[in-house]
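# Notes for the structure review
Residue strings, one per chain:
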Amino acid sequence: MSLDTELSPVEGIKTSSNFLRGTIAEGLKDRTTGAFVDDDTQLTKFHGFYQQDDRDLRAERKAQKLEPLYSFMLRARVPGGVATPQQWLAIDKIAGDLTAAGSLRLTTRQTFQYHGVYKHNLKPVIQELDKALIDSIAACGDVNRNIMCNPNPVDSHIHAEVYDWAKKISEHLLPNTKAYWELWFDDERVADNHVDEEPIYGNTYLPRKFKAAVAIPPHNDVDVYANDMGFIAIIEDGKLAGFNVTVGGGMGTTHGDVKTYPRAASTFGFIRPQDTLKVAEAILTTQRDFGNRKDRKQARLKYTIDTIGIDKYISEVETRAGITFEPAREVTFTQQGDRFGWVKGFDGKWHLTVFIESGRIKDFPGKPLRTGLVEIAKIHQGDFRMTANQNLIIAGVPDEQKATIEGLARKYGLLGETISVLKENSMACVALPTCSLAMAEAERYLPEFVAKVEQLTLKHGIEQQPIVMRMTGCPNGCARPFMAEIGFVGKADGRYNMYLGADGIGTRVNKLYKENIDEATILAELDELFGQYSKAREQGETFGNYVVRAGIVKAVHEGRLWHE
């Protein structure tokens, strides 16, 4: 691609970056600042980390004539969220030894991230992760990011096969540049005569980030329709027959910009398993070639589809992949949330899903979660599976270990606490103090807010009704608030936009109900709405479906109609 002056500045940065190298190596050596130069902060995302600073300390440090307290959030690439006990021990050790936060955070994309990594510790963190066979390449940036996969399906015998496809997609769509190995491993893996090329991405990569997920009905715990690309496993006669392919989901919006909107993915059709990788590549390269490179707010795949039309996009994918989509198979989803407690698999082994509030794993007073998981990892014979709802599954536990694992989980506060259905179905993004985009609190505020909403559910007798509730500090949508029955998106300190009307199974986005309101107003609105729902709901009707049926908000079936 030529350096057209109409292209967004980030396109120029990528083009001139020498395949994602930029001047990152020089920035690592510069100890006069804890930051990288601006252009490199765009490139470091492709290596898995974002530059941040502690916003709680900005004013104090400015008064002391100090630069902001820069650090980095580093996210790993863990396809499907599966880690061995040995990997978990390594992940935990890095958190304790090389981060200022001293904690792990499970993300909404089935991986983990570290906060408070100072610049001089970036290389050690990445190298220690590599020793555990984990990397951070393509965890962020304008590439395919960590691919999600249902971690605890009802038909558990199918997980291994479907999970294997998730790993294959992740590996197939990795960037080809050797910059990652040069920068973080001092050339030790790069042949002297190597010449970089990107056969899938080209030298400017994608116009914007790209997210993919693999779902196994009836649980939509990965929010497959919120992703740019999705593969819904179709099980027939106990075997994987293929996938329904979904394209064009996306959450991010911009306050006040009516050209931006969340969108649930469209279903393109059904494919056989052997066509999965070429279809995935064709979807991605079509976005590469047709996506908007002038305006990053319009650069996600959802806007490409709505600009060129679904039929043209499907035709491009079919031509590039050399396939024809078959009619989509019928799919039924029943919930978005995780299945907590013990679940027995087809092979007789047990899976224990534990609730991790906002995904934050640390030793809290009286609740040493980090230590508890380390003690479990020391004896666990199965694996750990991070969920897309920020929880953790201790999977593959044999009968003879079940009591021991449960005892440790209770001892360290991973089990035993009474957790409401509302809390189980709530999640938040990190937001303040580290996220530079946050306009309001999310992770730090959600627990006290949920406690107040719980009282309203008790008041109206709906405390056993699963209601998906999510909160983010800005409209970028990291916790997928637009797929929640009740969504809150930060507008300013203590003020949120309130969204209603998603269906509770992750197939429909919600709609703006009230704008820029404070806690008192939010609770008053929920009090009224819960009262109406309690009295007028039909048998089995979700809260999100009720508010649509009652005419409180309109159902949104097309992202382009979200503002109407």
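Residues numbered from 1 in each chain as written. Predicted model: local features only at pLDDT ≥ 70, side-chain atom pairs only at ≥ 80, totals over all residues. Heavy atoms only, no water.

Note on pairing: side chains with opposite charge can pair once their charged atoms come close. Enumeration over the complete set of coordinates arrives at 43 salt bridges. A salt bridge links Asp-142 to Lys-14, with the nearest nitrogen and oxygen atoms 2.8 Å apart. With a gap of 128 residues between them, Asp-142 in the loop between α6 (122-131) and β6 (148-149) and Lys-14 in helix α1 (residues 9-15) connect regions that are remote in the sequence. Comparing Asp-142 with Lys-14, the two get one shared label, buried. When the shortest N-O distance is used, the salt bridge between Glu-558 and Arg-560 registers 2.8 Å. Look at Glu-558 and you get partly exposed, because its relative accessible area is 37%. A relative accessible area of 44% places Arg-560 in the partly exposed class. Among the charged side chains, a network of salt bridges with common partners joins Glu-11, Lys-14, Asp-142, Arg-293 and Arg-296. (Salt bridge = Lys/Arg side-chain N within 4 Å of Asp/Glu carboxyl O. Helix = DSSP H or I, 4+ residues; strand = E, 2+ residues; numbered from the N terminus. Buried < 20%, exposed > 50% of the residue type's maximum accessible area, 1.4 Å probe, protein only.)

Another aspect to go through is the packing of aromatic side chains. Within the structure shown, the criterion is met by 27 aromatic pairs. A centroid spacing of 5.2 Å and a plane angle of 40° characterise the contact between Trp-181 and Phe-185, whose relative ring orientation is tilted. Of this pair, Trp-181 and Phe-185 both sit in helix α8 (residues 179-185), four residues apart, roughly one helical turn. Ring centres of Tyr-445 and Tyr-496 lie 5.9 Å apart, and the angle between their planes is 15°; on these two criteria the pair is classed as stacked. With Tyr-445 in the loop between β18 (426-428) and α15 (446-459) and Tyr-496 in strand β21 (residues 495-500), the pair connects residues that are 51 residues apart, well separated along the chain. (Phe/Tyr/Trp six-rings, centres within 6.5 Å; stacked < 30°, edge-to-face > 60°.)

Turning to the pairing of strand β17 (residues 392-397), a few remarks are in order. Taking burial as the measure, the six residues of β17 include six buried ones, the bulk of the element. Where strand β12 (residues 350-354) meets β17, four bridges bridge the pair, whose relative direction is antiparallel. When the bridges of β17 are listed, Leu-352 appears paired with Ile-394. Both strand β16 (residues 383-386) and β17 contribute to a ladder of four bridges, which runs antiparallel. For Asp-383, the partnering residue across the bridge sits in β17 and is Ala-395. Taking the residues that link successive antiparallel strands as the turn, the β16-β17 hairpin has five residues, and the phi of Gln-390 there is positive, at about 75°. (Pairing = 2+ DSSP bridges.)

Another aspect to go through is helix α5 (residues 85-98). Helix length check: α5, at 14 residues, gives a terminal C-alpha distance of 20 Å against a target of 20 Å (1.5 Å per residue), a fit within 8%. Within the span of α5, buried status applies to Pro-85, Gln-87, Trp-88, Ile-91, Asp-92, Ile-94, Ala-95 and Leu-98. (Expected span 1.5 Å × (residues − 1).)

Counting through the fold element by element, Asp-399 comes out in helix α13 (residues 399-411). As for Asp-399 and Trp-350, which are separated by 49 residues in sequence, their C-alpha atoms are 7.3 Å apart. Setting aside residues up to four positions removed in sequence, Asp-399 forms contacts with Gly-348 and Trp-350. (Contact = heavy atoms within 4.5 Å.)

This brings us to the nonpolar core. The biggest cluster of nonpolar side chains holds 98 residues, and the ones touching the most others in it are Phe-112, Tyr-114, Trp-184 and Ile-283. The biggest single contributor to this core is α8, with six residues. Those residues within four positions of Tyr-114 in sequence are excluded, and the remaining contacts are Phe-72, Met-73, Leu-74, Ile-91, Ile-94, Ala-95, Thr-99, Ser-103, Leu-104, Val-125 and Leu-129. (Core = buried A, V, L, I, M, F, W, Y, C linked by side-chain atoms within 4.5 Å.)

To continue, consider the sheet that holds strand β5 (residues 112-117). With antiparallel pairing, five strands are arranged side by side in an open sheet as β1-β2-β5-β4-β13. Since the sheet does not close on itself, it has two edges, and those belong to β1 (49-53) and β13 (360-361), each with one partner. Note that strand β2 (residues 70-75) and β5 share three bridges and pair antiparallel. Bridging across to β5, Arg-75 finds its partner in Gln-113. Here α5 sits on the sheet and contacts β4 (104-106), β5 and β13; the angle it forms with β5, its principal contact strand, is near 15°. (Axes fitted to C-alpha atoms, helices over the stretch in contact; angles between N-to-C directions.)

Okay, the state of the cysteines next. Tallying each qualifying case throughout the model produces zero disulfides. Take Cys-429: it sits in no disulfide, and the sulfur closest to it among the cysteines is that of Cys-478, at 6.2 Å. (Disulfide = S-S within 2.5 Å.)

At a minimum axis distance of 9 Å, the contact between helix α12 (residues 369-379) and α13 shows a crossing angle of 165°. One finds that α12 runs roughly antiparallel with respect to α13. For α12 against α13, the interelement crossing comes out right-handed. For the pair α12 and α13, contact is made by Glu-375, Ile-376 and Ile-379 and by Gln-401, Thr-404, Ile-405, Leu-408 and Ala-409, respectively. Classifying every residue of the contact of α12 with α13 by side-chain character gives five nonpolar, two polar and one charged. (Parallel < 35°, antiparallel > 145°, perpendicular 65-115°, else oblique. Left-handed = near helix turned anticlockwise from the far one by under 90°. Nonpolar A, V, L, I, M, F, W, Y, C, P; charged D, E, K, R; others polar.)

We now examine the packing of helix α7 (residues 159-172) against helix α9 (residues 276-290). Running from N to C, α7 and α9 cross one another at 45°; their axes reach a closest spacing of 10 Å. In terms of orientation, α7 and α9 fall into the oblique class. Judged by the twist between their axes, the crossing of α7 over α9 is right-handed. Within the contact between the two elements, α7 uses Trp-165, Lys-168, Ile-169 and His-172 and α9 uses Thr-276, Leu-277, Ala-280 and Glu-281.

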